[in-house]
Amino acid sequence: MRIEQITLHHLRMPLVAPFETSFGRITDRECILLELASEGLIGIGECVADRDPGYAYETTGTAWHILNDFICPAILGQDVAGPAEYRGRVASVRGHPMAKAGIEMALWDLLGKREGRSLQELLGGIQARVPVGVSVGLQASPQALVGTVGRYLEQGYRRIKIKIKPGRDVEDARAVRSAFPDIRLQVDANSAYTLETAGILMHLDDLGLLLIEQPLSEDDIWDHRQLQARLRTPVCLDESILTARHARQAIEMAACRVINIKAGRVGGLTEAVAVHDVCRARDVPVWSGGMLETGVGRAANLALASLPGFTLPGDISASDRYYARDITYQRFALNDDSTITVPRGVGLGVELDMTAVGDFALRSTVLGPA
Ligand code: NPQ
Ligand code: MG
């Protein structure tokens, strides 16, 4: 596939409601949309870096720089066989997985369009509909949280994840559990604790949670092992797992019993499938994380989550959980059984609404061969 032109769009999209986590509160989501032109086809991809380096060190600013100055020049005017070969070409760029993953997603879309196959088929996905839940941000009080969770349950979500941080953990989780004794419930700390402050999390152990996600820092895999040894509830790693090797090491260390997979965090869908394979071979359940994706990244998450090892509900959610207006014509809705249907069209199976892209774009650039 000869890469003739790459267009980058830095977008800012308003959220339907503010989203607050242990690392901050946002009212708009930024991302970079990519369009790769090759032999009469356009492949589209989404880079999930946001404006601020709160979840990870990458931002829309660093990703734009790495894409514009290093990654795009390495493939423009070149014949790229596919996602696997692309990974070799960008191996000399250290880090920056989200920037790399944005182009990789567009290459998968191109490959699917060329071969007339869906991303689901290309990745080896099998389920037609994938079970999903909703991630609920920190609210003003435990009472407000119970109200918000109740509204998502009414909408049909059958798995709830709440965000926690020091001072907003046990009381919040207990309030939700006592209001809804039977729901599938889990918590996510986004690295807000240390082994020294994590003692409080022992109180979560009798709430029947599905898992406790990323309590400690990204680079504290060993300390997650110490914490997991003291908890009956499974620890799930998110930020700590940047490669399939990390997944293997974390499992070997008994640092977690579940892994959250996000293609952006691990540098692309190819590595995401490799993480899935490592976990499946060891009987470790995985589920799809979410990064408040547009319809583009949401389609990719659905295809990935249809692989057989994704046995827990994903943080994918319907489009209207996050956006009143999206950049794809396709919108994803929740089915009655708390699933979302995996797109079946070629590639990602979604088409861009270029009017919406134009309206949300802060800047765009068209890159050609040097
Ligand atoms: C998580 N996602 O599982 C992430 C955290 C997250 C759905 O909880 C901008 C950029 C906003 C990155 C919001 C969910 C974000 C973000 C949440 C990451 O940890
Ligand atoms: Mg998380």
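Enquirer: Hey, could you run me through the coordination of the magnesium ion (ligand 2) in this one?
Expert: Ideal coordination angles are 109.5 degrees for a metal with four donors arranged tetrahedrally and 90 or 180 degrees for a metal with six donors arranged octahedrally. Looking at the metal site, the magnesium ion (ligand 2) is ligated by D188 (OD), E213 (OE) and D238 (OD), spaced 2.1 to 2.3 Å from it. All donors of the magnesium ion (ligand 2) belong to a single chain; written as a sequence motif, their spacing is D-x24-E-x24-D. With a gap of 25 residues between them, E213 in strand β8 (residues 212-213) and D238 in the loop between β9 (235-237) and α8 (244-252) connect regions that are remote in the sequence. Across this residue pair, the class does not change: E213 and D238 are buried.

Enquirer: Whenever I open this one, the packing of aromatic side chains confuses me. Can you help?
Expert: Where two aromatic rings form a pair, the distance of their centres and the angle of their planes describe that pair. Within this structure, the stated rule accounts for four aromatic pairs. Judged by centre distance (6.0 Å) and plane angle (75°), the ring pair of Y152 and Y157 falls under edge-to-face. Note on Y152: relative accessible area 14%, which makes it buried. The exposure class of Y157 is buried, given its relative accessible area of 2%. Members of the aromatic cluster, each reached through a chain of ring pairs, are F19, Y322 and Y323. Lying over the aromatic face of F360, R325 brings its terminal NZ or CZ to 5.3 Å of the ring centre. Sitting over the face of the ring of W64, R363 holds its NZ or CZ atom 4.1 Å from the ring centroid.

Enquirer: Looking at this model, I keep getting lost on the site of ligand 1. Mind explaining?
Expert: S135, K161, K163, N190 and G290 are the nearest of the 19 residues found near ligand 1. D188 is positioned such that a nitrogen or oxygen atom in its side chain is 3.0 Å from an oxygen atom of ligand 1. Contact with the protein chains covers 97% of the free accessible surface of ligand 1, which is 440 Å². Elements that contribute at least two residues to the shell around ligand 1 include exactly β2 (24-38) and β6 (159-163). In terms of residue class, the shell around ligand 1 is built from seven nonpolar, three polar and nine charged. The two domains that each donate at least three residues to the shell around ligand 1 are domain 1 (5-116 + 350-367) and domain 2 (121-341).

Enquirer: I would appreciate a short explanation of the domain arrangement of the protein chain in the present structure.
Expert: In many analyses, interface size is given as the accessible surface area lost on bringing the parts together. In terms of domains, the protein chain is made up of domain 1 (5-116 + 350-367) and domain 2 (121-341). Computed over C-alpha atoms only, the centres of domain 1 and domain 2 are separated by 23 Å. Each partner contributes to the interface: domain 1 provides 40 residues, whereas domain 2 provides 45 residues. Of the roughly 3,600 Å² buried between domain 1 and domain 2, counting both surfaces, carbon and sulfur atoms make up 66%. The interface formed by domain 1 and domain 2 includes two salt bridges. For the salt bridge of R325 with D359, the shortest nitrogen-to-oxygen distance reads 2.9 Å. Remark: the boundary between domain 1 and domain 2 carries 17 residue pairs in polar contact (both at pLDDT 80 or more). Only β1 (5-21), β2, β3 (41-47), α2 (83-89), α3 (97-115) and α11 (354-360) provide two or more residues apiece to the side of domain 1 that touches domain 2. Here the side of domain 1 that touches domain 2 is composed, by residue class, of 25 nonpolar, five polar and ten charged.

Enquirer: Where do I start with the sheet that holds β3 in this structure?
Expert: Two modes of strand pairing occur in sheets, parallel and antiparallel, and in both the strands are linked by backbone hydrogen bonds. Strands sit in the order β3-β2-β1-β13 across an open sheet of four strands; the sheet is antiparallel. A strand with exactly one partner marks an edge of an open sheet, and here the two such strands are β3 and β13 (361-367). Strand-to-strand twist across the sheet, computed as the mean angle between neighbouring axes with direction ignored, equals 25°. Relative to β3, β2 runs antiparallel, the two sharing seven bridges.

Criteria and cut-off values
Residues numbered from 1 in each chain as written. Chains lettered and ligands numbered in written order. Predicted model: local features only at pLDDT ≥ 70, side-chain atom pairs only at ≥ 80, totals over all residues. Heavy atoms only, no water. Donors = N, O, S within 2.8 Å, 3.2 Å for Na, K, Ca; no water. Helix = DSSP H or I, 4+ residues; strand = E, 2+ residues; numbered from the N terminus. Buried < 20%, exposed > 50% of the residue type's maximum accessible area, 1.4 Å probe, protein only. Phe/Tyr/Trp six-rings, centres within 6.5 Å; stacked < 30°, edge-to-face > 60°. Lys NZ or Arg CZ within 6 Å of the ring centre and 35° of its normal. Near = heavy atom within 4 Å. Polar contact = N/O pair within 3.5 Å; in protein donor to acceptor, adjacent residues only side chain to side chain. Areas by Shrake-Rupley, 256 points an atom, 1.4 Å probe, with all protein chains shown as cover. Nonpolar A, V, L, I, M, F, W, Y, C, P; charged D, E, K, R; others polar. Domains from an automatic or database assignment. Contact = heavy atoms within 4.5 Å. Buried area = accessible area lost by both parts, 1.4 Å probe. Salt bridge = Lys/Arg side-chain N within 4 Å of Asp/Glu carboxyl O. Pairing = 2+ DSSP bridges. Axes fitted to C-alpha atoms, helices over the stretch in contact; angles between N-to-C directions.

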